[in-house]
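# Structural characterization, general
So the chains spell out like this:
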Amino acid sequence: MGSLDLKHFYDHFLGENDLVRANIMNDRTFDTLDSLAAYKMAGLEDAENLGGLARNISMAEAALTRSLADIQTGDNLHRLSYDVSKFGTLIDYQYILEEGDGYGVIHQDIVQALDAALKEAGVIPAVDMYIHNDDFGPPDIERLEQIYTGPIYWLYNNLTWRELRTLLKRLNSETEGNQKDDYLRHVTALITSPQFLEAVLQHIGDQELKIIQDNVDRNDHIYEARSRWEEAKNLGLVVKVHADYYVMHEKVVEALKSVNFTTIPQRRKRPAGDVAAAPSDYNAYLLRLEIKDVHEPIFREVQVPAGINFFELHLIIREAMDWRSSSPSRFKAEGFEIYESMLQMSEEMHTDNGEAHLLSSFTQVDALLDRVGVIDYHYESIDGYIVKITMEDKINIDRSVPAVLHHSSTIPIENVGGTEGLKETMAVLNNKQHPEYARTFEKARTMNYRERYPVTAINNKLARVFRKGHPITEFNIDG
């Protein structure tokens, strides 16, 4: 089947069952399929008709429209499940027609008309609710306004289903449904309730509480993505929309204007075992781990407990980058070279380059990090990635375990030929129409490629590894 225009789409897929459905659903009678097709095509140019659809459409249907709007196909058709429970309104409106064997089809012209109508009605956002462009800088800040004034449902849709479930658990609330749509509706209802926000704010530190109050008074919705706002993010007050920025939705700000901030500190409770209210009593560093010499920024911001050794830092970096190779590594800083293993160190100790040769298991991170500020981690695999380690801040944490707090989405894939090979590989993986996409995707998946950075799984793994009460070295890691 070649490319179909809208007329041929209806001619091809409309059937007698559609005629029966149309006569039931509409306040008029259609004698022929041609008259029904003409009516449906005219309806796509009728603002009142599309406005009625926008008021009745489900979020699953809105999400479908949004996901298909920018996808071009050779025949102008999108195939999907013919599921009345999921796409009932679009099927009743006869914008999704039955193809057979449980599948339905929708034409690209219909998708474009629906997309425009839903954006006009504010059901779906007019802009992407997450900015992936790493060239985004201070002059572009005003672009965030379209995000924090857009549909709140789609802002919180930046969170995964698991993140939403964790958020509700942290808020000590439950929802009846178990789908992402149920969680989104419940979270957005809670976080725009002044009464509920008063309870949420009791878990925010005094300094952060004062900043939030000042920002609400100034109608300021933008927060830098720094560790001090991690708790606000975990409680749903702000949502990450760029690697460097959080935003607070305008509906949350409006709800906060009804909150009496002055009574919050006095009303704070510290129930035993409450994670949100637990004191922060472990010293830690906020480190930025950034791959050097890559075509786009690849970084992880991690909290690292004070007092760890370089072998433990090596484990944190490997896990944060999702690397699985057993290739050796070493740290380099001005005047120092720190080896991952004793064997590696003994093989190279004969070289005399004026640097101090140290073993990672017996060298603490704190003193050297305080002294030099920046250290390079050389991952001596076939790719030769180098990680620049920068100390950004000294912080307090409530559990003595490392964790990834912020990250860019790209994973430095292994065995692709270094930074240049990574650039070429990502160019293919970011274009599903590329003739080499399927082969490249399968190859990347056998290594360490993930379409979405698995931050929850990585942090869970780090928590398991570091919950031991003793330092981890190359000599006890297997145990």
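What follows covers the overall build of the chain. Tallying secondary structure elements over the chain gives 22 helices and 14 strands in all. When burial is assessed residue by residue, the chain has 48% of its 479 residues classed as buried. Partitioning the contacts of the chain with sequence separation of at least 6, the portion at a separation of at least 24 is 66%. Surface accessibility of the chain: about 23,900 Å² in total, with carbon and sulfur atoms responsible for 47%.

With that settled, consider the sheet that holds strand 14 (residues 403-407). Reading across from one edge, 11-10-9-12-13-7-8-14 is the order of the eight strands in this open sheet, with mixed pairing throughout. The open sheet has two free edges, formed respectively by strand 11 (356-359) and strand 14, since each of these has just one partner strand. The mean inter-strand angle of the sheet, taken between neighbouring strand axes irrespective of direction, is 30°. Inspection of the sheet shows strand 12 (residues 374-379) paired to strand 13 (residues 386-397) by five bridges, in the antiparallel sense. Across the sheet, the residue bridging to Tyr377 is Val387, located in strand 13.

Let us look at the nonpolar core. With 89 residues, the main nonpolar core has Ile212, Leu237 and Leu256 as its most contacted residues. Among the elements that line this core, the one with the most residues is helix 7 (residues 108-120), at six residues. In contact with Ile212, other than residues within four places in its own chain, are Ile204, Tyr223, Trp229, Leu237, Met248, Leu256 and Phe261. Counting 52 residues, the second-largest nonpolar core is a separate cluster that includes Trp323, Val365, Leu369 and Met447.

Okay, a nonpolar patch on the surface next. Side chains of Val20, Ile24 and Met25 sit close together on the surface and give an oily, nonpolar patch of about 310 Å² of accessible area. Within the fold, Val20 resides in helix 2 (residues 16-25).

Moving on: the confidence of the model for the chain. Residues at a pLDDT of 70 or more form 93% of the chain, whose mean pLDDT is 86. Across residues 269-279, confidence stays below pLDDT 50; counting only partners more than four residues off in sequence or on other chains, it has 13 contacts.

Two elements in contact, helix 4 (residues 47-56) and helix 7, have axes separated by 9 Å at closest approach and are oriented at 70°. The angle between helix 4 and helix 7 falls in the class roughly perpendicular. Between helix 4 and helix 7, the contacting residues are Leu50, Leu53 and Ala54 on the first element and Ala113, Leu114, Ala117 and Leu118 on the second.

Before going further, it helps to examine the environment of Leu315. Tracing the sequence through the fold places Leu315 in helix 17 (residues 310-320). Leu315 sits 197 residues away from Leu118 along the chain, and the two C-alpha atoms are 47 Å apart. In contact with Leu315, not counting residues within four places along its chain, are Ile472 and Ile477.

Turning our attention to helix 21 (residues 437-446). If you check which residues of helix 21 are buried, you get Tyr437, Thr440, Phe441 and Ala444. Looking straight down helix 21, one finds that the buried residues subtend no more than 100° of arc, so they occupy a single side. Away from its buried face by more than 90 degrees, helix 21 exposes Ala438, Arg439, Glu442 and Thr446. Against the buried residues of helix 21 lie helix 20 (418-429).

So, how was this worked out
Each chain carries its own residue numbering, running from 1 in the written order of its sequence. In keeping with the predicted nature of the model, local features appear solely for residues at pLDDT of at least 70, side-chain atom pairs appear and are counted solely at 80 or more, and the whole-chain, interface and lining totals rest on all residues. To obtain the side-chain values, all non-hydrogen atoms of the structure were included, while hydrogens and water were left out. Runs of H or I in DSSP of at least four residues are treated as helices and runs of E of at least two as strands, each being numbered from the N terminus. Throughout this description, buried means an accessible area under 20% of the type-specific maximum (1.4 Å probe, protein chains only), exposed means over 50%, and partly exposed covers the range between. Two residues form a contact once any of their heavy atoms are found within 4.5 Å. Accessible areas in this description were obtained via Shrake-Rupley with a 1.4 Å probe; residue shielding takes into account the shown protein chains only. The pairing criterion for strands is at least two bridges between them, as found by DSSP. Note on definitions: angles span 0 to 180 degrees between N-to-C directions of axes, and those axes are lines fitted to C-alpha atoms, for helices only across the stretch in contact. Think of a nonpolar core as a cluster: buried Ala, Val, Leu, Ile, Met, Phe, Trp, Tyr and Cys residues, connected wherever their side-chain atoms sit within 4.5 Å. Each patch is built from residues that are more than 30% exposed by relative accessible area and take part in no salt bridge. Like charges join if they lie within 9 Å; nonpolar side chains (Val, Leu, Ile, Met, Phe, Trp, Tyr) join within 5 Å. Salt bridges are identified by distance alone: a Lys or Arg side-chain nitrogen within 4 Å of an Asp or Glu carboxyl oxygen. The predictor's confidence in any single residue is recorded as pLDDT, a number from 0 to 100. Roughly parallel refers to an angle under 35 degrees, roughly antiparallel to one over 145, roughly perpendicular to one between 65 and 115, and oblique to any angle outside these ranges. In this description, one arc is meant: the one made by directions from the helix axis to the C-beta atoms.

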